[in-house]
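Fold and contact review
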Amino acid sequence: MSAKDHIVLVVDDDARMREALHELLTAAELNVVTFGSAAEYLAFAKPELPACLVLDVQLPDINGLDLQRQIAVEHHPHIVFITGHGDVPSSVRALKAGAVDFLTKPFSGSALLGAIRAALAQDREARLKRLKLATLQQRFSALTPREREVLPLVVSGLLNKQAAAELGISAVTLQIHRGKIMHKMKAGSLAELVRMAETLGTSLTRSRRARA
């Protein structure tokens, strides 16, 4: 793992803990930035890199669990909680809200490193999924209104003749629309187009007009 392809963000108000974590993670060839408060973390201009947020539960300005809830409305790094005051309700709350792990101090360096690497892997995968979705949305936006009507029918498994009948157009016209959809979506096969539609959340059932 290159220090240029990720970032680990550590938020802990204990200066000695921050120093120890920075030393541990740097020795493991991780790219680390530390903060003494949630405000410092929120003000930091985060680079567009796979990231992990190592977050203390007890902070001087906000509870770490509350910060987790606050940033949940946006894309944020996968979180590994650390705390000297762990309890079952807090750990359950953190994990249910998507935290990768909840470690109680003192924890082993290997446990923390394992959790961070798992968080970075998950964040990297999430970023790839968002990029894929954004690319498909851009392609979908290039479709005409009629092509957007045709797409759900095509991926639902209907024959061209059946899909054409649903829209009151000829099979030839339907084939033309289908060809344009395949081209604009850059789909190499019907199976690939179906997967794209599933990623976009396009309904695989009949269109609203067809059901009317």
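Up top is the structure these notes are about.
Described in the following lines is the structure provided in the data block. (Residues numbered from 1 in each chain as written. Predicted model: local features only at pLDDT ≥ 70, side-chain atom pairs only at ≥ 80, totals over all residues. Heavy atoms only, no water.)

**Here we look at helix α1 (residues 15-27)**
Applicable threshold: Strands here mean DSSP runs of E at least two residues long; helices mean DSSP runs of H or I at least four residues long; both are numbered from the N terminus. Multiplying 1.5 Å by the residue count of a helix minus one yields the expected span of that helix. The buried label goes to any residue with under 20% of its type's maximum accessible area, the exposed label to any with over 50%, and the partly exposed label to all in between, with areas taken from a 1.4 Å probe on protein chains only. Arc definition: it is the arc formed by the directions from the helix axis to the C-beta atoms. Note on contacts: a residue pair qualifies if any of its non-hydrogen atoms lie within 4.5 Å across the two residues. Two N or O atoms count as a polar contact when they lie within 3.5 Å, although within protein this holds only if one can serve as hydrogen donor and the other as acceptor, and sequence-adjacent residues are included solely when both atoms are side-chain atoms.
Relative to the 18 Å expected for 13 residues at 1.5 Å per residue, α1 spans 18 Å between its end C-alpha atoms, a close match to the ideal helical length. Of all the residues in α1, the buried ones are R18, L21 and L25. Projected down its long axis, α1 carries its buried residues within an arc of 70°, all on one side. The exposed residues of α1 that point more than 90 degrees off its buried face are R16, E19, E23 and A27. Packed against the buried residues of α1 are β1 (7-11), β2 (32-35), β4 (78-83) and α5 (109-141). For α1, the N-terminal capping position is held by D14, with its side-chain oxygen 2.9 Å away from the main-chain nitrogen of R16. Once α1 finishes, E29 follows within two positions and takes phi at roughly 65°, a positive value.

**Focus: the side chain of H177**
Mapped onto the fold, H177 is located in helix α8 (residues 171-185). The residues contacting H177, other than those within four sequence positions of it, are R146, E147, V150 and I169.

**Things to note about the environment of V100**
Among the structural elements, V100 can be located in the loop between α4 (88-96) and β5 (101-104). Placed 19 residues apart in sequence, V100 and F81 show a C-alpha to C-alpha distance of 8.0 Å. When residues no more than four places from it in sequence are discounted, the contact partners of V100 are H78, I79, V80, L95, A115, A118, A119 and Q122.

**Brief notes about the pairing of β5**
Applied cut-off: Strands qualify as paired when DSSP identifies two bridges or more between them. We call a crossover right-handed when, viewed with both strands directed away from the observer, the connection leading from the first strand over the helix to the second proceeds clockwise.
Relative to β5, β4 runs parallel, the two sharing four bridges. In the strand pairing of β5, T83 is matched with T104. With α4 bridging β4 and the parallel β5, this β-α-β connection has right-handed handedness.

**A few points about a negative patch on the surface**
Here is the rule we go by: In this scheme, patches are assembled from residues that exceed 30% relative accessible area and form no salt bridge. Like charges are connected within 9 Å, while nonpolar side chains (Val, Leu, Ile, Met, Phe, Trp, Tyr) are connected within 5 Å. A 1.4 Å probe and the Shrake-Rupley method give the accessible areas. Residues count as covered only by the protein chains that appear here. Any Lys or Arg side-chain nitrogen located within 4 Å of an Asp or Glu carboxyl oxygen qualifies as a salt bridge. His is not counted here, nor are the chain ends, while Lys and Arg score as positive and Asp and Glu score as negative. Lys charges are placed at NZ, Arg charges at CZ, Asp charges at CG and Glu charges at CD.
Among the surface-exposed residues, D13, D14, E40 and D61 lie close enough to one another that they form a single negatively charged patch. Mapped onto the secondary structure, D14 falls in the loop between β1 and α1.

**Comments concerning the sheet that holds β1**
So the rule is basically this: Structural elements are reduced to axes, namely lines fitted to C-alpha atoms, with helices fitted over the stretch in contact, and the angle between N-to-C directions of any two is expressed from 0 to 180 degrees.
In space, the five strands of this open sheet follow the order β2-β1-β3-β4-β5, with parallel pairing throughout. Strands at the two margins of the open sheet, each flanked by one partner only, are β2 and β5. Taking the axes of each pair of neighbouring strands and ignoring which way they run, one obtains an average angle of 20° across the sheet. Of the pairings in the sheet, the one linking β1 to β2 comprises four bridges and is parallel in character. Within β2, the position partnered with V10 by the bridge is T34. In the packing of α1 onto the sheet, contacts are made with β1, β2 and β4, and the angle to β2 comes to roughly 170°. Contacting β4 and β5, α4 crosses the sheet at an angle of about 155° to β5.

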